[in-house]
Amino acid sequence: MNNNNSVQQNENHTASARSGRVIDFIAKILCPVIAFFLWFYAMSTDVVTLERDFTVPVQYENEAALSERTGWSVLSGKDSKIVVTLKGKRNIINKITEDDIFAFADVSGVESPGRQVIDIKISAPSECEIINTSASSVSPVIDKKITRMIPVKVSISDYVISSELKHDDPTASYDEISVSGPESEINRIYEARADLSLGNMSLVQTINSSCSLKLYDEQGEAVSSNYITMSSRSVNVTVRLYAEKDVPLTVGYKYGYFNSKTVNVNIFPGSVTLRGEPSLMSNIDKLEIATLDEKLYTENSSQKVSIEVPEGLIIASGEETAEIRVEHIGTTTKQITVKNINVVNSGGLNCELQTKSLNVTVRGSANLLRQITEENISITADMKNYSTGSGITVIPATVNFSAEYENAVYELGNYNVTVNIK
């Protein structure tokens, strides 16, 4: 009896297990199917809502009317964007793009230039609700845009300079720049300044450096704005270093006949102050302003000459001309008729000397002039540059002195002879 009951229980248990497996299998099949139908139902009905963010640009309304009324325009904020959050049925929200949403800022009510605070209005599809925006207003700069030219000023600081050297006022590569932007801000600008700090540099030569420009008002306060544009934001600054030196004025002599025993040469002014680069000034100890041709100074004379200086130097003391006074001392003159005239380098030309004699004026000491005669002087006409041609020709002539008088006396003026080339 007990055995029969046990068998029966086992059979019931086995049947129950089989039934549970069937139910599990059916559940695994039906759950995805039911989930799909639920999802399909949700997607095909309007009961599911969704929130979504859209980034849209802010547009300015009535800008043309504002410009016509005041001459102002929106100078900043035209790239402003805001985030608009919409809520609506899923199938509606998913069809909306940024192009369906508009953000407006109406500038028609602006009454004064400068930075403004203007409310933003949102236009979105009516099927949706606007539940949030990242900003409720924009702050554009509204003004008239103008352009002005302003001066460029330069200053230097933090440097060391030898007491023997000086520097010019620093100069910029250009005297002015143009600035553009809102009229109210541009009209505040007084100058553009380049402040060159040299970091305690010891100045030994001219400096050329690039330096940034900053804008300042008339009270020296910096003018800074994101809406101001400059034609240049930097300049090249030059600080020219120089030395000054007083140098005497001198003259040179073409032949060497003039010396302290034969002439007094005085120059007025006797010296000038030169200014220039230290490297150019270092080797200058005098300034020769003229070379005197002794043979042209037949008597005491005075002449004015321009003072020429080497390239790169200037006369800081301002003189442009000097007066040279020549006074003969210890010499006199004597006129001697010379007949000893020779033609050389005729190159085979048939030449006939037409000049038979020349009156030559000689300068020297009175003692030498008492001794010198025609026998101590000859004249040479050199034909080497006259190898062709014919007829009467004037040839420059050279006056020659015998050895005992050479370099002790000299002729005054220039001489020519006439030759007939046949």
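Above this text sits the structure in question.
About the cut-offs
Residues numbered from 1 in each chain as written. Predicted model: local features only at pLDDT ≥ 70, side-chain atom pairs only at ≥ 80, totals over all residues. Heavy atoms only, no water. Helix = DSSP H or I, 4+ residues; strand = E, 2+ residues; numbered from the N terminus. Core = buried A, V, L, I, M, F, W, Y, C linked by side-chain atoms within 4.5 Å. Buried < 20%, exposed > 50% of the residue type's maximum accessible area, 1.4 Å probe, protein only. Contact = heavy atoms within 4.5 Å. Pairing = 2+ DSSP bridges. Axes fitted to C-alpha atoms, helices over the stretch in contact; angles between N-to-C directions. Phe/Tyr/Trp six-rings, centres within 6.5 Å; stacked < 30°, edge-to-face > 60°. Lys NZ or Arg CZ within 6 Å of the ring centre and 35° of its normal. Salt bridge = Lys/Arg side-chain N within 4 Å of Asp/Glu carboxyl O. Polar contact = N/O pair within 3.5 Å; in protein donor to acceptor, adjacent residues only side chain to side chain.

Chemist: Please explain unusual backbone geometry as it appears in this structure.
Modeler: Comment: phi is negative for the bulk of residues other than glycine, and the bulk of peptide bonds are trans. With an omega of 0 degrees, the peptide bond running from Phe268 to Pro269 counts as cis. Inspection of the secondary structure assignment puts Pro269 in the loop between strand S20 (263-268) and strand S21 (271-276). Positive phi values are uncommon outside glycine, yet Asn62 reaches one of about 65 degrees. Within the element layout of this structure, Asn62 appears in the loop between strand S1 (49-61) and helix H2 (63-70).

Chemist: Looking at this structure, I do not really get the nonpolar core. What am I missing?
Modeler: Note that soluble globular proteins tend to have their nonpolar side chains buried in a common cluster. Membership of the largest hydrophobic core comes to 28 residues, with the highest contact counts inside it found for Leu249, Val272, Leu274, Leu287, Ile289, Ile307 and Ile324. Of all the elements in the fold, those that place two or more residues in this core are strand S19 (241-253), S20, S21, strand S22 (287-292), strand S24 (313-315) and strand S25 (321-328). If we skip the residues at most four places from it in the chain, Ile289 touches Leu249, Thr250, Val251, Ile267, Val305, Ser306, Ile307, Ala322 and Ile324. Counting 23 residues, the second largest nonpolar core, distinct from the first, contains Val154, Leu196, Leu215 and Val223.

Chemist: Hey, could you run me through the sheet that holds strand S6 (residues 118-123) in this one?
Modeler: Note on sheets: strands pair through backbone hydrogen bonds, and any given pair is parallel or antiparallel. Pairing is mixed across the open sheet formed by 6 strands, whose spatial order is S7-S3-S1-S4-S6-S8. Strands with a single pairing partner mark the edges of an open sheet, and in this sheet they are strand S7 (129-133) and strand S8 (137-138). Relative to S8, S6 is paired through 2 bridges, and the arrangement is antiparallel. Paired with Ile118 across the bridge in S8 is Val138.

Chemist: Can you help me understand the sheet that holds strand S23 (residues 301-306) in this one?
Modeler: Across the sheet, 3 strands lie side by side as S20-S25-S23; this open sheet has antiparallel pairing. On the outer flanks of this sheet lie S20 and S23, each paired with one strand and no other. Direction aside, neighbouring strands of the sheet carry axes that sit 20 degrees apart on average.

Chemist: Mind showing me how you'd approach the environment of Ile122 here?
Modeler: If you trace the backbone, Ile122 turns up in strand S6. In the structure, Ile122 is positioned 17 residues away from Ala105 in sequence and 9.2 Å away in space, judged by C-alpha atoms. Residues contacting Ile122, with those up to four places away along its chain left out, are Ile82, Val84, Ile101, Phe102, Ala103, Ile130 and Thr133.

Chemist: Before we go on, may I ask you to explain the environment of Ile228 in this structure?
Modeler: Considering the arrangement of structural elements, one finds Ile228 in the loop between strand S16 (214-216) and strand S17 (229-230). Residue Ile228 is classed as buried on the basis of its relative accessible area, which comes to 4%. For Ile228, the contacting residues outside a window of four places in its chain are Val179, Ser180, Glu185, Ile186, Ile189, Leu215, Val223 and Arg233.

Chemist: I tried to follow the packing of aromatic side chains on my own but got confused; where do I start?
Modeler: For any pair of aromatic rings, the description consists of the separation of the ring centres together with the inter-plane angle of the planes. Tallying each qualifying case throughout the model produces 5 aromatic pairs. Taking 4.3 Å as the distance between ring centres and 5 degrees as the angle between the ring planes, the aromatic pair formed by Tyr257 and Tyr410 counts as stacked. Of this pair, Tyr257 sits in the loop between S19 and S20 while Tyr410 sits in strand S32 (residues 410-411); the two residues are 153 residues apart in sequence, bridging distant segments of the chain. Aromatic side chains Phe258 and Tyr297 sit 6.0 Å apart centroid to centroid with 65 degrees between the ring planes, which places their arrangement in the edge-to-face category. Of this pair, Phe258 sits in the loop between S19 and S20 while Tyr297 sits in the loop between S22 and S23, and the two are 39 residues apart along the sequence. Across the pair, Tyr297 and Phe258 agree in class, each one buried. Members of the aromatic cluster, each reached through a chain of ring pairs, are Tyr253, Phe258 and Tyr297. The side chain of Arg193 reaches across the aromatic face of Tyr216, ending 3.9 Å from its centre. The cationic tip of Lys295 hangs over the ring face of Tyr255; the distance from NZ or CZ to the ring centre is 4.3 Å.

Chemist: Is there a simple way to think about the pattern of salt bridges in this case?
Modeler: Enumeration according to the criterion identifies 8 salt bridges in this entry. Between Arg69 and Glu111 there is a salt bridge whose closest N-O contact spans 3.7 Å. Here Arg69, found in helix H2, pairs with Glu111, found in the loop between strand S4 (102-106) and strand S5 (114-115); they are 42 residues apart in sequence, far enough to count as distant. Under the relative-accessibility criterion, Glu111 is labelled exposed at 59%. Bridged by salt links that share partners, the residues Lys166, Glu244 and Arg275 form one connected network.

Chemist: How do you make sense of the side chain of Ser378 when you look at a structure like this?
Modeler: Along the chain, Ser378 falls in strand S30 (residues 377-382). Leave out the neighbours within four places in its chain, and Ser378 touches Val338, Asn340, Thr398, Val399 and Asn400.

Chemist: Can you walk me through the pairing of S1 in this structure?
Modeler: A regular strand places its side chains on the two faces of the sheet in alternate fashion. As judged from the 9 bridges shared by S1 and strand S3 (residues 81-89), these two strands associate in the antiparallel manner. Within the sheet, the bridge partner assigned to Thr49 lies in S3 and is Lys89. Taken together, the 4 bridges between S1 and S4 define a ladder with parallel strand orientation. Bridge pairing links Tyr60 to Ala105 in S4.

Chemist: Explain the side chain of Gln116 here, please?
Modeler: Tracing the chain through its elements places Gln116 in the loop between S5 and S6. Here the side chain of Gln116 touches Ser112 through a polar contact of 2.7 Å, landing on its backbone oxygen. There is a polar contact of 3.1 Å between the side chain of Gln116 and the backbone oxygen of Gly114. In contact with Gln116, other than residues within four places in its own chain, are Val110, Val138, Ser139, Pro140 and Ile142.

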